[in-house]
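Inside the fold
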Amino acid sequence: MHINKFITPEIIFGKGAIDQVGDSCLRLGAKKVLIVSDPGVIEAGWLEKAIEGCKQVGLAYSTYDEVTTNPKDFEVEKGCHVYKENECDAVIGIGGGSVMDVAKAIAIVVTNGGRISDYEGVDQIKVPLPPLVMVATTAGSGSEVSQFSVIVDCERKKKMTIISKSLVPDIAIVDPFTLVTKDRYLTASTGMDVLTHAIESFVSIAATPLTDVQAKNSIKLVCEFLRPSVASKTNEEAKAAMAMASLQAGLAFSNAILGAAHALSHAIGGRFELSHGEVNAILLPHVMEFNYIAAPQKFLKIAELMGVDVRGSSGYEVGKQAIDKVRALSKDVGAPQRLSEVGLKEDSILEMSQAALDDACMITNPRDISIEDVKELFRKAF
């Protein structure tokens, strides 16, 4: 008999859930919280909403909002300074994956000391973190429920993957209404990130029945609702479905980990200021083609979830239609199709390939992979 484990935070999901942020912190014993956000969250009005929630329950707070795309190690250090200077004892992250990853990283360093690079890899955190409440506003990263934090080491030009169950937040708040402030481009790129999380966790060698149910429902929801969500800011049904898809993909990959698409994407993100979601959208079909022979029955199921009629057909051939479906969805929502479209040059392949091969996400890729395989995947994506 196999033993499976599944880690999840308390989850508060639904329209208006963001109003629970202050009370959530109080329930965890917080006296003064650091609220981490970024300029986009401020412009959308969600930081003010979180502050309002703290004020309503009499909870003291400080703010830190200097987080950028592909968050950097020095941004974590600045946030730690604000936390300590204001004598905070809990952390709220409100925003997308970058914000929430920095919020988690701040929590690591203020309790464990040293630099964030000291915690790269798996299970390097020794001291329990302060209370963590994550409020997701992008339906993409799944960081609100995951045991991941990904931070760029600027000196090494590398995205560090930090994995520990200590990083699973105490409370995850997902309010689909926050998605109405996202533009079409951000909705598309974060939605393709969700699909990448769901597919990579489903074919991961660490997948279990507990993660598969989350991944499969996420794939189905993305295929049905990403197009209408990109088409309209006010389609609340589509926003709610994409918020759920992101949440379930996050639960799946937090427990089953990911694969080569994310390893390659991290290698790019450590060197270039590109959207993680759009890079994943480019890489995913190429990685699916590479991984296909390792898990043909899983790809058959993905095809079925994406609407392919699998009755009476060869499983091997029908499963490949899942890759065509991913490409069609990516094109329909306006995601870039090649790395050359987003400004990358092929002369960076060698440097990126070694970084990708060393990434922690490669451990759970379903097919063994060599440095030459990684180079070829990058070449195909150009």
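Now for a look at the structure at hand. (Residues numbered from 1 in each chain as written. Predicted model: local features only at pLDDT ≥ 70, side-chain atom pairs only at ≥ 80, totals over all residues. Heavy atoms only, no water.)

**Details of the sheet that holds strand β3 (residues 60-64)**
In plain terms, the rule: For two strands to be treated as a pair, DSSP must find no fewer than two bridges joining them. Only DSSP runs of H or I reaching four residues or more are called helices, and only runs of E reaching two or more are called strands; each is numbered from the N terminus. Between N-to-C directions, angles span 0 to 180 degrees; the directions come from axes that are lines fitted to C-alpha atoms, helices contributing only their stretch in contact.
Reading across from one edge, β1-β9-β6-β4-β2-β3 is the order of the six strands in this open sheet, with parallel pairing throughout. Since the sheet does not close on itself, it has two edges, and those belong to β1 (10-13) and β3, each with one partner. When strand polarity is set aside, the average angle formed by the axes of neighbouring strands in this sheet is 20°. Taken together, the four bridges between strand β6 (residues 132-136) and strand β9 (residues 171-174) define a ladder with parallel strand orientation. Following the sheet pairing, Ala136 is matched in β9 by Val174.

**Notes on the packing of aromatic side chains**
Our working definition: Within 6.5 Å between ring centres, the rings of Phe, Tyr and Trp (the latter by its six-membered ring) count as paired, and their orientation is classed by plane angle as stacked under 30 degrees, edge-to-face over 60, tilted in between. Note on classification: 1.4 Å probe, protein chains only; a residue is buried when its accessible area is under 20% of the maximum for its type, exposed when over 50%, partly exposed between these limits. Lysine and arginine charges are scored as sitting over a ring when NZ or CZ, respectively, is within 6 Å of the ring centre and within 35 degrees of the ring normal.
If you walk through the whole model with that rule in mind, you get two aromatic pairs. Measuring from centroid to centroid gives 5.3 Å for Phe148 and Phe253, while their planes differ by 75°, and the two rings are edge-to-face. Of the two residues, Phe148 sits in strand β7 (residues 148-153) while Phe253 sits in helix α8 (residues 236-256), which places them 105 residues apart along the sequence. Given the relative accessible area of 4%, Phe148 is considered buried. Here the basic side chain of Lys298 rests over the ring of Phe202, its NZ or CZ set 4.2 Å away from the ring centre.

**Describing helix α9 (residues 260-269)**
Stated formally: It only takes one pair of heavy atoms within 4.5 Å for two residues to be counted as in contact.
The element α9 is extensively covered by neighbouring structure, given that 10 of its 10 residues are classed as buried. Those residues of α9 not exposed but buried are Ala260, Ala261, His262, Ala263, Leu264, Ser265, His266, Ala267, Ile268 and Gly269. At its buried positions, α9 is contacted by β7, β8 (158-163), α6 (184-203), α10 (276-291), α13 (349-358) and α14 (371-381).

**A closer look at the pattern of salt bridges**
Using the following cut-off: Here a salt bridge means any side-chain nitrogen of Lys or Arg lying within 4 Å of a carboxyl oxygen belonging to Asp or Glu.
Scanning the entire structure with this criterion turns up 18 salt bridges. Between Glu10 and Arg27 there is a salt bridge, and its shortest N-O distance comes to 2.8 Å. Residue Glu10 is found in strand β1, and its partner Arg27 is found in helix α1 (residues 21-27); the two are separated by 17 residues along the sequence. Under the relative-accessibility criterion, Arg27 is labelled partly exposed at 46%.

**Details of the pairing of strand β2 (residues 32-36)**
Most of β2 sits inside the fold, with four of its five residues counted as buried. Note that β2 and β3 share five bridges and pair parallel. Across the sheet, Lys32 pairs through a bridge with Ala60, a residue of β3. Alignment of β2 against strand β4 (residues 90-95), held across four bridges, turns out to be parallel. Along β4, the bridge assignment pairs Val36 with Gly93.

**Observations concerning the environment of Glu236**
Applicable threshold: Any pair of nitrogen or oxygen atoms within 3.5 Å is treated as a polar contact; in protein, a donor-acceptor pairing is required on top of that, and neighbouring residues in sequence qualify only through side-chain atoms on both sides.
Summarising the element assignment, Glu236 is placed in helix α8. Taking relative accessible area as the criterion, Glu236 reaches 41% and is therefore assigned partly exposed. Discounting chain neighbours no more than four positions away, the residues touching Glu236 are Lys15 and Phe177. At 3.3 Å, the side chain of Glu236 and the side chain of Lys15 are in polar contact.

**Focus on the sheet that holds β7**
On the basis of which strands lie adjacent, the open sheet formed by three strands has the order β5-β8-β7 and mixed pairing. Two strands lie at the open edges of the sheet, namely β5 (121-122) and β7, each paired on one side alone. Both β7 and β8 contribute to a ladder of six bridges, which runs antiparallel. Note that in β8 the partner of Phe148 across the bridge is Ile163.

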